[in-house]
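# An overview of the molecular structure
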Amino acid sequence: MTAKAQSPDPLFPRSSPGSLIAAALLVGNSVLMLYPIVIMVFSAFKTTGEIFDAPFSVPDFTYVANFTRIWGETSLPGYFINSVIITGSSIALILLLGTMGAYALARYEFPGNSAIFMFFLAGLMLPLKLAVIPLFLQMRDFGLLDTRFGLILIYTAMGLPSTIFIMTGFLRTLPTELEEAARIDGASEPRIMLSIMLPLSVPPMVISAIQNAVPTWNDFFFPLVFIQTDVRKTLPQGLSVFMGEYTTDWGMLFAGLTIAALPLTIIYIVMSRQFIRGMTAGAVK
């Protein structure tokens, strides 16, 4: 018995002009996205003179003076630690509170369910930066100015609407038979959530984490407004000190940018499989 031949894709056959055009567009987009990153990394291994004389040339990768100087002679390690603490704590709170709220909205019916969900959706339409003045006054009254905890609370509030939107939509697609079978076996509600629902919700949790980690890690506005002490500055805010009014050490600046971009790049590469699974969750029944 011979295996049934797989039918060709009716939309884009392998040798069709449409597939070639799609492949060319994807390759072109990849080059367009990677080009600035490659130039940034190349410039991190050059002196300022080499950056202006030969900006597109391949550098001598054994030249690591920019990295040793910026890590050993500046406050960059402290900025890096502050960004790790603030971003990591914010993402942990966003996932904890967002998953709990989304689970309640998705799996339980109660009066006001839709109103609460729409309240969180409204947070996607109103940028928090519009309320920076009353937010500043409120943070001042609570004594949270110039503190890492104040920034963590701000980023958590910013990330909850999108996380609840993503998690609620995914949790509603899970079959109710899973919960019913667990209840028949005597499982409690927290047990059902922790042992059954959360393991199935890893892909959308990864999407929520990456979606909120990138703007939190790269944010310059809120640290500039709420942080005044140098020892509490984050990486984007701290890197601005390397740009002088008259002179700028571009080699050190590009080295700092490379260090700043490295953690999120590694996390995305490691979690890319889960990220893709989350993006396609629900596409196929």
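Residues numbered from 1 in each chain as written. Predicted model: local features only at pLDDT ≥ 70, side-chain atom pairs only at ≥ 80, totals over all residues. Heavy atoms only, no water.

### Things to note about the overall build of the chain
- Looking only at helices and strands, the chain features 14 helices and zero strands.
- Going residue by residue from the N terminus, the α and β elements of the chain occur as α-α-α-α-α-α-α-α-α-α-α-α-α-α.
- Relative to its full complement of 285 residues, the chain shows a buried share of 35%.
- In the chain, the share of contacts with a sequence separation of at least 24, taken over all contacts with a separation of at least 6, comes to 71%. (Helix = DSSP H or I, 4+ residues; strand = E, 2+ residues; numbered from the N terminus. Buried < 20%, exposed > 50% of the residue type's maximum accessible area, 1.4 Å probe, protein only. Contact = heavy atoms within 4.5 Å.)

### Some details on the pattern of salt bridges
- Evaluation of the coordinates by the stated rule reveals seven salt bridges.
- Notably, a salt bridge pairs Arg107 with Glu179, separated by 2.4 Å at the nearest N-O pair. Linking Arg107 in helix α4 (residues 76–107) with Glu179 in helix α8 (residues 177–184), this pair joins segments that are 72 residues apart in sequence. Per residue, the accessibility class of Arg107 equals that of Glu179, and both read buried. (Salt bridge = Lys/Arg side-chain N within 4 Å of Asp/Glu carboxyl O.)

### Re the nonpolar core
- In this structure, Ala44, Phe67, Ile70, Leu76, Ile91, Leu235 and Phe242 are the most contacted members of the largest nonpolar core, which totals 24 residues.
- Mapped by element, the contributors of at least two residues to this core are α1 (17–44), α3 (65–72), α4, α10 (202–218), α12 (235–239) and α13 (250–270).
- Considering each element in turn, this core owes the most residues, seven residues, to α13.
- Sequence-distant contacts of Phe67, defined by excluding residues within four places in its chain, comprise Ala44, Phe45, Ala255, Thr258 and Ile259. (Core = buried A, V, L, I, M, F, W, Y, C linked by side-chain atoms within 4.5 Å.)

### A word on the environment of Glu189
- Mapped onto the secondary structure, Glu189 falls in helix α9 (residues 189–200).
- C-alpha of Glu189 to C-alpha of Glu179: the two residues are ten residues apart in sequence and 8.7 Å apart in space.
- Setting aside anything within four residues of it in sequence, one finds Glu189 in contact with Tyr108 and Arg183.

### So, the packing of helix α7 (residues 148–171) against α10
- Close contact between α7 and α10 brings their axes to 9 Å; oriented N to C, the two are set at 155 degrees. When the axes of α7 and α10 are compared, the pair comes out roughly antiparallel. Between α7 and α10 the crossing geometry is right-handed. Side by side, α7 and α10 meet where Tyr155, Gly159, Ser162, Thr163, Ile166, Met167 and Phe170 of the first sit next to Pro204, Met205, Ile207, Ser208, Gln211, Asn212 and Thr216 of the second.
- Taken together, the residues of the contact of α7 with α10 sort by class into seven nonpolar, seven polar and no charged. (Axes fitted to C-alpha atoms, helices over the stretch in contact; angles between N-to-C directions. Parallel < 35°, antiparallel > 145°, perpendicular 65-115°, else oblique. Left-handed = near helix turned anticlockwise from the far one by under 90°. Nonpolar A, V, L, I, M, F, W, Y, C, P; charged D, E, K, R; others polar.)

### Regarding the confidence of the model for the chain
- Looking at the chain, pLDDT values average 85 and 89% of them are 70 or higher.
- Element-level mean pLDDT values for the chain span from 66 in helix α14 (residues 272–280) up to 94 in α4. (pLDDT = per-residue confidence, 0-100.)

### Quick notes on the side chain of Asn113
- Note that Asn113 resides in helix α5 (residues 113–125).
- Polar side-chain contacts of Asn113 include one of 2.8 Å to the backbone oxygen of Tyr108.
- Asn113 has contacts with Ala104, Leu105, Tyr108 and Arg172, leaving out every residue within four places of it along the chain. (Polar contact = N/O pair within 3.5 Å; in protein donor to acceptor, adjacent residues only side chain to side chain.)

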